Amino acid sequence: QKEYNDMTLREFPSEAFPAFPNIQIDAGVEWDNWNLPGSVLSLKKVKKGSFTSNVLINVRTVSLDYGFDAYKAEIQGYAKNLANIKFVSEGLHDVNGCQWEVVEYAYIDEDSGPLAQFLAATFIEKEAVKIMVSFTGTVGIKDQTHNPDYIEIQNIFRSVKIDE
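Residues numbered from 1 in each chain as written. Predicted model: local features only at pLDDT ≥ 70, side-chain atom pairs only at ≥ 80, totals over all residues. Heavy atoms only, no water.

### Here we look at the packing of aromatic side chains
Phase 1 of the analysis: Tallied over the entire structure, the rule returns 10 aromatic pairs.
Phase 2 of the analysis: Considering the side-chain rings of Phe 118 and Phe 135, the 5.9 Å spacing of their centres and the 85° angle between planes classify their relative orientation as edge-to-face. Residue Phe 118 is found in strand 7 (residues 113-126), and its partner Phe 135 is found in strand 8 (residues 129-140); the two are separated by 17 residues along the sequence.
Phase 3 of the analysis: Classification of Phe 135 by relative accessible area gives buried; the value is 1%.
Phase 4 of the analysis: Measuring from ring centre to ring centre gives 5.0 Å for Phe 118 and Phe 157, while their planes differ by 55°; the resulting arrangement is tilted. You can see Phe 118 sitting in strand 7 and its partner Phe 157 sitting in helix 2 (residues 148-158), a full 39 residues away along the chain. For the pair formed by Phe 118 and Phe 157, the shared burial category is buried. (Phe/Tyr/Trp six-rings, centres within 6.5 Å; stacked < 30°, edge-to-face > 60°. Helix = DSSP H or I, 4+ residues; strand = E, 2+ residues; numbered from the N terminus. Buried < 20%, exposed > 50% of the residue type's maximum accessible area, 1.4 Å probe, protein only.)

Written as structure tokens, this is what we have:
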């Protein structure tokens, strides 16, 4: 049996494993906090008899060479399995000092019917670590030409503040 005398303490947060950033959003009182596994911050707006509109913010470390092109490729890979997908817009947006890649599309979900999604990601580099913050907003769009929840999701996105 080997003895391990040369042990080094590793910890989170630390310089090698930095803490995730502080993230703030502004949302109306009708959006409920939702402790969804895998998300650091999530909200939902429950409406009887229809899809529950939601906002999810996730944070993860990514490789240093992972950027907006890789993020868009990841979305394309996911989206190719969605029925009747229609991409609405894509582009870079500056929100409160952070550069975000935004992708918007609509598709038909087998269980929930027509949905619209607003996806966005930004990156923060700390030492030798790259952190991706992603924002996903989803609404049901059955029998609707105008969706106030989708507009609210866009406004929630515009309120995102990230403190490194």
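### Examining the environment of Val 29
Phase 1 of the analysis: Looking at the secondary structure, you find Val 29 in the loop between strand 1 (22-24) and strand 2 (32-33).
Phase 2 of the analysis: Take Val 29: its relative accessible area is 81%, and that puts it in the exposed class.

### Description of the sheet that holds strand 4 (residues 53-62)
Phase 1 of the analysis: A sheet is described by the order of its strands in space; here 7 strands give the open sequence 2-3-4-8-7-6-5, paired in antiparallel fashion. This sheet does not close on itself; its edge strands, each paired only once, are strand 2 and strand 5 (83-95).
Phase 2 of the analysis: Two elements, strand 5 and strand 6 (residues 98-109), share 10 bridges in a ladder whose sense is antiparallel. Residue Phe 87 lies in a different strand from strand 6, and its bridge partner there is Tyr 105. (Pairing = 2+ DSSP bridges.)

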